[in-house]
Amino acid sequence: MAEKRKAALGFIFITLLIDIIGLGIIIPVMPDLIRELIGGDMSGASKYSGWLMFSYAVMQFLFSPVLGNLSDKYGRRPVLLFSLLGFAIDYLILGFAPTILWLFIGRILAGITGASFTTASAYIADISTPEKRAQNFGLIGVAFGVGFIIGPVLGGILGEYGTRVPFFVSAGICFTNFIYGYFIVPESLSKDHRRPFDWKRANPLGTLIQLNKYPVVGGLIASIVLVYLAAHAVQSTWVFFTMDQFAWTKSQVGYSLGAVGLLVAIVQGGLIRVINPRLGQKNSVYVGLSLYTIGMVLFAFANQSWMMYAILIPYCLGGIAGPAIQSIISNQVPANEQGELQGGLTSLMSVTSIFGPLIMTNLFSFFSAKDATIYFPGAPFLAGAILIFISTVLAIRSLAVHDEKHL
């Protein structure tokens, strides 16, 4: 049984890794493609980038619970394959896009079908013992880290040959991943653990009502939602901030994101397996959220290129918090509701992706404009630090309830 679990984890890790490489490739060139299609500057492109993320996130918010519930009925494998195929088609649309409207069409399609992380999380929950869940959820972070070592660096290099070249390469990678998944990835959810599909539960509100019956879950979900929202200070503005503040090229942006990926892979793949068992899940949450907050504050006031690399160390070490929170939440929920749980979490993450990019890119645009009353491009990072501080307070309260429950 242990060998089968190990093999299944290997399969899902490779699937996620290929998926993230495809996503990472397009990041360094997205601002230039938007500028090309709108004929504007970096400040204007950042606003469109926020609305593109908004359209993707709205679709994810609406459809993630549906796909999560479908995976509880039909299994993880078919839903995962559907998602991979949707991403491949999206990248082709972006690559051929003649106008900005087509970028929105591609992002909307990707949002509807994009359930790879939802399904992968449920897959990992299926094959993990409770004591190994935090470590195994960390594999998602490892895939993210390694994918971001390879993807953005490759995207920065490919972008020198043309703004659209990375999109076609990403499409090819996703089609390859679909074929790999079809022939290699096994099903993780046994038929005796499946449940009927219920439309009342296959929507964001229904999922939250269902999960709210677990007392510890609600507060921790609120905490992790604020972390997701704060993370958009980095995810949505890193490229724009570094290009504006330090005049970085596409290649330099790609290398910096590769450094992010390397550090995430080290933390999630190695350090988390040492640090979390020693600290315990609760202390891992507290230490991780504190490091996230410190990193955000330092990013906000960075004024030299090397500082961005140095600050990545405490910021990425904060990654020990996420798998610990996710593990505590997952351990409260039975096996036949893991797909619903992960769909609900993805849906909530999508809510943050609806508002997060708009808040952070508009903060950046407002404080980086040529006529800004106060020039402070680091404003999104400071906002992120405040959100994570609030998240820490919520986590402390929720984990106190968790401790009382286990007395």
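All values derive from a computational prediction rather than experimental measurement.

### Things to note about the pattern of salt bridges
Consideration 1: Here the structure, examined in full by the defined rule, presents 4 salt bridges.
Consideration 2: For Asp 90, the salt bridge is made with Arg 107, and the minimal N-O distance between the two is 2.5 Å. Of the two residues, Asp 90 sits in helix α4 (residues 76-96) while Arg 107 sits in helix α5 (residues 100-113), which places them 17 residues apart along the sequence.
Consideration 3: Classification of Arg 107 as buried rests on a relative accessible area of 11%.

### Quick word on the environment of Leu 399
Consideration 1: Tracing the backbone shows Leu 399 in helix α17 (residues 379-405).
Consideration 2: It is 9.9 Å that separates the C-alpha atoms of Leu 399 and Gln 281, two residues lying 118 residues apart in sequence.
Consideration 3: Those residues in contact with Leu 399 that sit more than four places away from it in its chain are Leu 220, Lys 282, Val 285, Tyr 286 and Ile 328.

### Some remarks on unusual backbone geometry
Note on backbone geometry: most residues besides glycine have negative phi, and most peptide bonds are trans.
Consideration 1: Not every positive phi belongs to a glycine, and Ala 247 is a case in point at roughly 55°.
Consideration 2: Its location among the elements puts Ala 247 in the loop between α11 (238-246) and α12 (250-279).

### Let's talk about the packing of α12 against helix α14 (residues 305-317)
Consideration 1: Two elements in contact, α12 and α14, have axes whose closest approach is 10 Å; the angle formed by their N-to-C orientations is 35°. Our pair here, α12 against α14, has a crossing hand that is right-handed. In this structure, α12 uses Gln 252, Tyr 255, Ser 256, Ala 259, Val 260, Leu 263, Val 264, Val 267 and Leu 271 to contact α14, whose residues at the interface are Tyr 309, Leu 312, Ile 313, Cys 316 and Leu 317.

### Things to note about a nonpolar patch on the surface
Consideration 1: Together, Leu 85, Ile 89, Leu 92, Phe 96, Phe 168 and Phe 175 make up an exposed nonpolar region whose accessible area comes to about 490 Å².
Consideration 2: If you list the elements that add at least two residues to the nonpolar patch, you get α4 and α8 (165-183).
Consideration 3: Looking at the secondary structure, you find Phe 96 in helix α4.
Consideration 4: Overall, Phe 96 belongs to the exposed group, its relative accessible area being 60%.

### Details of α11
Consideration 1: For α11, a buried count of 7 out of 9 residues is recorded, marking the element as mostly surrounded by other parts of the structure.
Consideration 2: Downstream of α11 by a residue or two, Ala 247 has a phi angle that is positive, lying close to 55°.

### Description of the nonpolar core
Consideration 1: Core analysis: the biggest nonpolar cluster contains 93 residues, and Leu 103, Met 296 and Phe 299 have the highest contact counts within it.
Consideration 2: Ranked by the residues each element gives to this core, the list is headed by helix α10 (residues 215-235), at 12 residues.
Consideration 3: Setting aside residues up to four positions removed in sequence, Leu 103 forms contacts with Leu 33, Ile 34, Leu 37, Leu 52, Leu 94 and Ala 97.
Consideration 4: Membership of the second largest hydrophobic core comes to 6 residues, among which are Leu 17, Ile 25, Leu 158 and Ile 173.

### Remarks on the confidence of the model for the chain
Consideration 1: On average, residues of the chain score 81 in pLDDT, and 86% of them reach the 70 mark or higher.
Consideration 2: When mean pLDDT is taken per element in the chain, α14 scores highest with 94 and helix α9 (residues 204-211) scores lowest with 64.

### Structural notes on α5
Consideration 1: For α5, which comprises 14 residues, the first-to-last C-alpha distance of 21 Å matches the rise-based estimate of 20 Å (1.5 Å per residue) to within 8%.
Consideration 2: If you check which residues of α5 are buried, you get Ile 100, Leu 103, Phe 104, Gly 106, Arg 107, Ala 110, Gly 111 and Thr 113.

### Structural notes on the packing of α4 against α8
Packed helix pairs are characterised by how far apart their axes lie and by the angle those axes make with each other.
Consideration 1: Interaxial distance between α4 and α8 falls to 8 Å at its minimum, and their mutual angle equals 165°. With respect to α8, the axis of α4 lies roughly antiparallel. Between α4 and α8 lies a crossing of left-handed hand. Contacts from Arg 77, Leu 81, Leu 84, Leu 85, Phe 87, Ala 88, Tyr 91, Leu 92, Leu 94, Gly 95 and Phe 96 of α4 reach α8 at Phe 167, Phe 168, Ser 170, Ala 171, Cys 174, Phe 175, Asn 177, Phe 178, Gly 181, Tyr 182 and Phe 183.
Consideration 2: Of the residues contributing to the contact of α4 with α8, the split by class is 17 nonpolar, 4 polar and 1 charged.

### Focus on the packing of aromatic side chains
Consideration 1: In the structure shown here, the tally under the stated rule is 15 aromatic pairs.
Consideration 2: With a centroid separation of 5.4 Å and 40° between ring planes, the pair formed by Phe 299 and Phe 381 is classed as tilted. Taken together, the residues Phe 299 in helix α13 (residues 281-300) and Phe 381 in helix α17 connect sequence positions 82 residues apart. For the pair Phe 299 and Phe 381, a shared accessibility class is recorded, and that class is buried.
Consideration 3: Ring-pair connections join several aromatic residues into one group, and the members of that group are Trp 238, Phe 241, Phe 246, Trp 248, Tyr 292, Phe 299, Tyr 309, Tyr 315 and Phe 381.
Consideration 4: Positioned above the aromatic ring of Tyr 74 is the side chain of Lys 73, whose terminal nitrogen or guanidinium carbon lies 5.1 Å from the ring centre.
Consideration 5: Over the ring of Tyr 182 we find Arg 77; its NZ or CZ atom is 5.5 Å from the centre of that ring.

Reading the values: the criteria
Residues numbered from 1 in each chain as written. Predicted model: local features only at pLDDT ≥ 70, side-chain atom pairs only at ≥ 80, totals over all residues. Heavy atoms only, no water. Salt bridge = Lys/Arg side-chain N within 4 Å of Asp/Glu carboxyl O. Helix = DSSP H or I, 4+ residues; strand = E, 2+ residues; numbered from the N terminus. Buried < 20%, exposed > 50% of the residue type's maximum accessible area, 1.4 Å probe, protein only. Contact = heavy atoms within 4.5 Å. Axes fitted to C-alpha atoms, helices over the stretch in contact; angles between N-to-C directions. Left-handed = near helix turned anticlockwise from the far one by under 90°. Patch = residues over 30% accessible without salt bridge, like charges linked within 9 Å, V, L, I, M, F, W, Y side chains within 5 Å. Areas by Shrake-Rupley, 256 points an atom, 1.4 Å probe, with all protein chains shown as cover. Core = buried A, V, L, I, M, F, W, Y, C linked by side-chain atoms within 4.5 Å. pLDDT = per-residue confidence, 0-100. Expected span 1.5 Å × (residues − 1). Parallel < 35°, antiparallel > 145°, perpendicular 65-115°, else oblique. Nonpolar A, V, L, I, M, F, W, Y, C, P; charged D, E, K, R; others polar. Phe/Tyr/Trp six-rings, centres within 6.5 Å; stacked < 30°, edge-to-face > 60°. Lys NZ or Arg CZ within 6 Å of the ring centre and 35° of its normal.

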